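# A look at the structure
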Amino acid sequence: MKRILPAVLLCMALAAIPSCNVKYFENAEIGDIIFDPSLAIPVGEITYTVSELFEELNDAGAVISPNEENIIQLNYAETLQSQSASTFLNIRNQTFGGSLASGINLSNPPVTTTLNVSELFEFDLSQTSNETYDSIFFSNGEFEFEVSSTFGADIDFTATFISLVENDAPLVVSGTLPAGGSDFTQTESLVDYKGLFNLDDQGNPASNKFLVRIEYAITVTPATTVTSGQRINFDIGVNNTSFDRVYGNVGNQSLAVNFQVVNFDFFRNFEAGNIGFADPKIRFIFDNSFGFPLGIDFQEVSAIGSEGEILPLEGDVVDNLQIINGPTVAQEGQLIRSEIELNRENSNIDVLLSSQPAKVIIEVDAGANPSTIAPVYNFVNDASILDISVEVEIPLDININQLIAEEVLDFNNGEDLDEAKRILFRINAENELPLGGLVELQFLDAQNNVIFTIDERAAFAGAPVGADGRTTEAALSTTDIQLEETDIRALENATSINVVATLTTTDANSNVAVKFFEDYELKFKLSAQADVEINAGGN
């Protein structure tokens, strides 16, 4: 609470007293004490808005601002995860092999004869999971083709790779295998190639099909023989690929969301007591440009207390798979935003955050193409991304009961009190907030020993609340603090003040939640009267 208000005012007063005009309010009376000669002066007036009272929570990660109802709200945001296409989808290396026999027996023909052999081969792409590919636009990769012959005759061959296309033309490899011959090998870069895997060898729609037509011509001379079992053998490799775009279905692969911890440092401002939030919300925001929907499973959302105690999130939002939309093919390149909100209607988030957790652990599994919705056509491009962030909104619609906050403030005014014999402070509070506070001041020396204590007393009273949720009038209160000479001498050795504030909202014992509206103000007026020593010069 704004450096814990009365302590600020008290420090101002202690600093002001030695320099005051001793004739000001001479013979003035405060309570039952009359000092003569006396110093009775107005020290200062401070007005706080609700935002200002809680502004130090900004330093603990929360942003303080009014919501649409003008209720002050704690806002917390953090990015949980970003996943790109390159880390989600890797195309496996593909290896295919086959052979094509002549199917003909021909021995020592009377004239040189050419035999033609042709066959269309269909291979299935290997998969990482259960994905199916219709087409892949390659940005990189290596293609390798190796062919050999068992014939004792020259072979002219042509391999047409129907599934690998550049500028709408298939990749074609041609060559000659001499009689008794050597192997033939050719490699190609797959940059700018497109893989088409959407037809089978009968021309029917399919997925994961790799087609290649192998053709060869055998030159059989009168001195050579060809048997039906002689053949050419071939191997195909498509390796180390990366892609610009992929179309088909990525199956049920998961987009990993790393184990995350969201730290709620602002709860560290409080030492003990109870706080209950009436309407907190945690909103998970998914920005998805992958071309498929996701099923979100909250595998773990738990609040971890300052002592290590664990409170798990419960409710319908956890028990049921949540759906995140992705762009359609017509929307490729767009980010589709989906939100999942945890609130008191679908979870125990109000109980979880009211436990004042030191941190919240979040583990989310995002699975592609959940079975609970109709299948959709998928795509992934090299710019696809899934960004997951979390926003926490905690409106100050709360019940606070004996909540204790402590803070240590510097105190450098002790040496200025050597002329003071007795001091009386009066703090007048005018409070529009439904929050009252008790304050205890512990003065500490340089070794952090308590050398003097101003016992706990009411600093300001909570305002009454009407049926519309707003306070009906300001609560007025007066607090007197009297320091005798022995007390003042003790303060001369103080270097800091430990301020202990105990906060309670209006009707807290009835479990009533109250709202802190932005236009509420808390005003303090502080005056002081002191007995001081005056030298011959009137100083």
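Residues numbered from 1 in each chain as written. Predicted model: local features only at pLDDT ≥ 70, side-chain atom pairs only at ≥ 80, totals over all residues. Heavy atoms only, no water.

On to the overall build of the protein. Across its full length, the protein carries six helices and 35 strands. When the 539 residues of the protein are sorted by exposure, 49% land in the buried category. Within the protein, contacts between residues separated by at least 24 positions form 84% of all contacts whose residues are at least 6 apart in sequence. (Helix = DSSP H or I, 4+ residues; strand = E, 2+ residues; numbered from the N terminus. Buried < 20%, exposed > 50% of the residue type's maximum accessible area, 1.4 Å probe, protein only. Contact = heavy atoms within 4.5 Å.)

Let us now look at a nonpolar patch on the surface. Residues Leu321, Ile323 and Ile373 make up a contiguous nonpolar surface patch of roughly 200 Å² in combined accessible area. Structurally, the position occupied by isoleucine 323 is in strand 23 (residues 322-324). (Patch = residues over 30% accessible without salt bridge, like charges linked within 9 Å, V, L, I, M, F, W, Y side chains within 5 Å. Areas by Shrake-Rupley, 256 points an atom, 1.4 Å probe, with all protein chains shown as cover. Salt bridge = Lys/Arg side-chain N within 4 Å of Asp/Glu carboxyl O.)

A separate point is the environment of isoleucine 72. Mapping isoleucine 72 onto the fold places it in strand 5 (residues 72-84). With 445 residues separating them along the chain, isoleucine 72 and phenylalanine 517 place their C-alpha atoms 5.9 Å apart. Once residues lying within four places of it in the same chain are set aside, the contact partners of isoleucine 72 are Val50, Ser51, Ile64, Ser65, Pro66, Ile394, Pro395, Leu396, Phe516, Phe517 and Glu518.

Time to look at the pairing of strand 9 (residues 132-149). One ladder, built from 15 bridges, connects strand 9 with strand 16 (residues 231-249); its direction is antiparallel. Across the sheet, the residue bridging to phenylalanine 137 is arginine 245, located in strand 16. Bridge count between strand 9 and strand 13 (residues 194-196): three bridges; the pairing is antiparallel. Bridge assignment links isoleucine 136 to a residue of strand 13, and that residue is glycine 195. Summarising the sheet, strand 9 and strand 12 (residues 184-189) pair through six bridges and their orientation is antiparallel. Each bridged residue has a counterpart across the sheet, and for phenylalanine 145 the counterpart in strand 12 is glutamine 186. (Pairing = 2+ DSSP bridges.)

Looking now at the pattern of salt bridges. Here the idea is simple: oppositely charged side chains can pair when their charged atoms come close. If you walk through the whole model with that rule in mind, you get 13 salt bridges. In this structure, aspartate 287 and arginine 337 form a salt bridge, with 2.7 Å as the shortest nitrogen-oxygen distance. Placement of the pair is aspartate 287 in strand 20 (residues 281-288) and arginine 337 in strand 24 (residues 336-342), with a sequence separation of 50 residues. Take arginine 337: its relative accessible area is 52%, and that puts it in the exposed class. Between aspartate 519 and arginine 470 there is a salt bridge, and its shortest N-O distance comes to 2.8 Å. Placement of the pair is aspartate 519 in the loop between strand 34 (514-515) and strand 35 (521-532) and arginine 470 in the loop between strand 31 (450-460) and strand 32 (475-483), with a sequence separation of 49 residues. Its relative accessible area of 41% is what places aspartate 519 among the partly exposed residues. Each of Arg283, Glu339, Glu341, Glu391 and Glu393 takes part in salt bridges that share partners, so that together they form one network.

On to the nonpolar core. Grouped burial of nonpolar side chains is what soluble globular proteins tend to show. Phe143, Phe145, Phe161, Phe210, Ile218, Ile236 and Phe284 are the most contacted members of the largest nonpolar core, which totals 126 residues. Residue contacts for isoleucine 236: discarding those within four places in its chain leaves Gln94, Thr95, Phe96, Phe123, Phe143, Glu144, Phe145, Phe161, Phe210 and Val212. (Core = buried A, V, L, I, M, F, W, Y, C linked by side-chain atoms within 4.5 Å.)

Moving on, we come to the packing of aromatic side chains. According to the stated counting rule, one finds 21 aromatic pairs in the structure shown. An angle of 20° between the planes, with centres 5.2 Å apart, marks the rings of phenylalanine 96 and phenylalanine 123 as stacked. Within this pair, whereas phenylalanine 96 is found in strand 6 (residues 94-101), its partner phenylalanine 123 is found in strand 8 (residues 113-124), the two being separated by 27 residues in sequence. With respect to burial, phenylalanine 96 and phenylalanine 123 carry one shared label: buried. Taking 5.1 Å as the distance between ring centres and 75° as the angle between the ring planes, the aromatic pair formed by phenylalanine 157 and phenylalanine 184 counts as edge-to-face. A residue pair is termed long-range when its members are at least 10 positions apart, and phenylalanine 157 in strand 10 (residues 154-166) and phenylalanine 184 in strand 12 qualify at 27 residues. Taken individually, phenylalanine 157 and phenylalanine 184 each receive the classification buried, so the pair is uniform in this respect. An aromatic cluster of at least three residues, connected via ring pairs, comprises Phe96, Phe121, Phe123, Phe143, Phe145, Phe157, Phe161, Phe184, Phe197, Phe210 and Phe234. A cation over an aromatic ring shows up here: arginine 470 above the ring of phenylalanine 517, its NZ or CZ 4.6 Å from the ring centre. (Phe/Tyr/Trp six-rings, centres within 6.5 Å; stacked < 30°, edge-to-face > 60°. Lys NZ or Arg CZ within 6 Å of the ring centre and 35° of its normal.)

Take the sheet that holds strand 20 next. If you trace the five strands from one edge of the open sheet to the other, you get 4-5-27-20-24, paired in antiparallel fashion. The open sheet is flanked by strand 4 (63-66) and strand 24, the only strands paired with a single partner. Recorded for the sheet is a direction-independent mean angle of 25° between the axes of neighbouring strands. (Axes fitted to C-alpha atoms, helices over the stretch in contact; angles between N-to-C directions.)

What follows is about the pairing of strand 27 (residues 385-395). Inspection of the sheet shows strand 5 paired to strand 27 by 11 bridges, in the antiparallel sense. Bridging from a neighbouring strand, asparagine 75 pairs with glutamate 393 of strand 27. Relative to strand 27, strand 20 runs antiparallel, the two sharing eight bridges. What sits directly across from phenylalanine 286, in strand 27, is isoleucine 388.

Looking now at the side chain of threonine 504. By the element assignment, threonine 504 lies in strand 33 (residues 496-505). Among the polar contacts listed, one links the side chain of threonine 504 to the backbone nitrogen of glutamine 402, at a separation of 3.1 Å. Setting aside chain neighbours within four positions, we find threonine 504 in contact with Ile400, Asn401, Gln402, Leu435 and Gly436. (Polar contact = N/O pair within 3.5 Å; in protein donor to acceptor, adjacent residues only side chain to side chain.)

Considering the arrangement of structural elements, one finds serine 242 in strand 16. Taking C-alpha positions, serine 242 is 9.3 Å from leucine 190, a pair spaced 52 residues apart along the chain. Those residues within four positions of serine 242 in sequence are excluded, and the remaining contacts are Phe137, Phe138, Ser139 and Asn140. Reaching out from serine 242, the side chain makes a polar contact with the side chain of serine 139 at a distance of 2.9 Å.

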